[in-house]
Amino acid sequence: MSDSFRLAEAEYEWLNLLMNRFAAQRAMNLEALDGFFAALICAPRCVAPEKYLPELWGGEKPAEEIFNNAQEAQKFKQLIQGHWKHVAHALETSVVLLPLFIEDEKGKICGNDWAIGFLRGMELSGTGWGELLKNDEEAGLLAPIFALAYEHHPDLAMRSYEKPVSKKQRDRLIAQLIVNVPGIYEYFASQRLENAPNLSKASNFYQISSKTTMPVLCVCGSGKKYEDCCAKRTVH
């Protein structure tokens, strides 16, 4: 079953380029964003956009200082909303949710940033996760996420493995992660229904005029319109 809500590869490329500009220490990359959204959507309590959006760029500056202009901010908002819908739709309809992993300079997929993003989503969404952690039968759903998130933790006691994670172990952890996230979503289904607040009011986080017609410049710095630049690139 395919997911028609998934963004186009060129859109993910644009989003990745923009997020790579975020300079704050706690700013997320695209992989961390994906894990972060997965946790927020799975969480027992909803989190309003005005609370989680600043986490994407580290929360150190107001939105108007992050983007070059209102058009760029609007494009960013549209893309992350689109990706949120993709993740939510996959979890709601049991479409296989493949994480957006970023390859390192050697072409290796590690999954650490995704797992760290998921834990940040757990932290932001607050109480409720403790119930899962205390459930002896279901707590294992989070095991691969914790293993990847704390793989390089300076406190060795926080790591799941004493020795470096092998390729075989990593492949198994990632496979378990893909299988377990829908289980986490299902675990909190009833709590989400009970705790869902009224989030129907539009967030005032972005104050963007609907009258603007200026083209969105590509974030790669070429000076060209996005449609004439990285939108035409092939993303692997």
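Residues numbered from 1 in each chain as written. Predicted model: local features only at pLDDT ≥ 70, side-chain atom pairs only at ≥ 80, totals over all residues. Heavy atoms only, no water.

Peer 1: Sorry, what's going on with the packing of helix α2 (residues 30–42) against helix α4 (residues 70–93) here?
Peer 2: Between two packed helices, what matters for the description is the angle formed by their axes and the separation of those axes. In contact at an axis separation of 10 Å, α2 and α4 are set at 55° when each is read in the N-to-C sense. In terms of axis orientation, α2 runs oblique to α4. For α2 against α4, the interelement crossing comes out right-handed. Of the residues in α4, those in contact with Leu 33, Asp 34, Phe 37, Ala 38, Leu 40, Ile 41 and Cys 42 of α2 are Ile 80, His 83, Trp 84, Val 87, Ala 88 and Leu 91. A breakdown of the residues in the contact of α2 with α4 according to their chemical character gives 11 nonpolar, one polar and one charged. (Axes fitted to C-alpha atoms, helices over the stretch in contact; angles between N-to-C directions. Helix = DSSP H or I, 4+ residues; strand = E, 2+ residues; numbered from the N terminus. Parallel < 35°, antiparallel > 145°, perpendicular 65-115°, else oblique. Left-handed = near helix turned anticlockwise from the far one by under 90°. Contact = heavy atoms within 4.5 Å. Nonpolar A, V, L, I, M, F, W, Y, C, P; charged D, E, K, R; others polar.)

Peer 1: So what exactly am I meant to see when it comes to the packing of aromatic side chains here?
Peer 2: The description of an aromatic ring pair rests on the distance of the ring centres and on the angle between the ring planes. Using the criterion set out here, one finds 15 aromatic pairs in the structure. With 5.6 Å between their ring centres and 20° between their planes, Trp 114 and Phe 118 make a pair best called stacked. Of this pair, Trp 114 and Phe 118 are both found in helix α5 (residues 112–125), four residues apart, which corresponds to roughly one turn of the helix. Ring centres 5.0 Å apart and planes at 70° place the aromatic pair Trp 129 and Phe 188 in the edge-to-face group. With Trp 129 in helix α6 (residues 129–134) and Phe 188 in the loop between α8 (167–187) and α9 (189–195), this pair connects stretches of sequence that are 59 residues apart. Phe 188 carries the same exposure label as Trp 129, and that label is buried. (Phe/Tyr/Trp six-rings, centres within 6.5 Å; stacked < 30°, edge-to-face > 60°. Buried < 20%, exposed > 50% of the residue type's maximum accessible area, 1.4 Å probe, protein only.)

Peer 1: Looking at this model, I keep getting lost on unusual backbone geometry. Mind explaining?
Peer 2: Phi at Ser 94 takes a positive value of approximately 65°, unusual for a residue other than glycine. Following the sequence through the fold, Ser 94 ends up in the loop between α4 and α5. On the accessibility criterion, Ser 94 (65% relative accessible area) is exposed.

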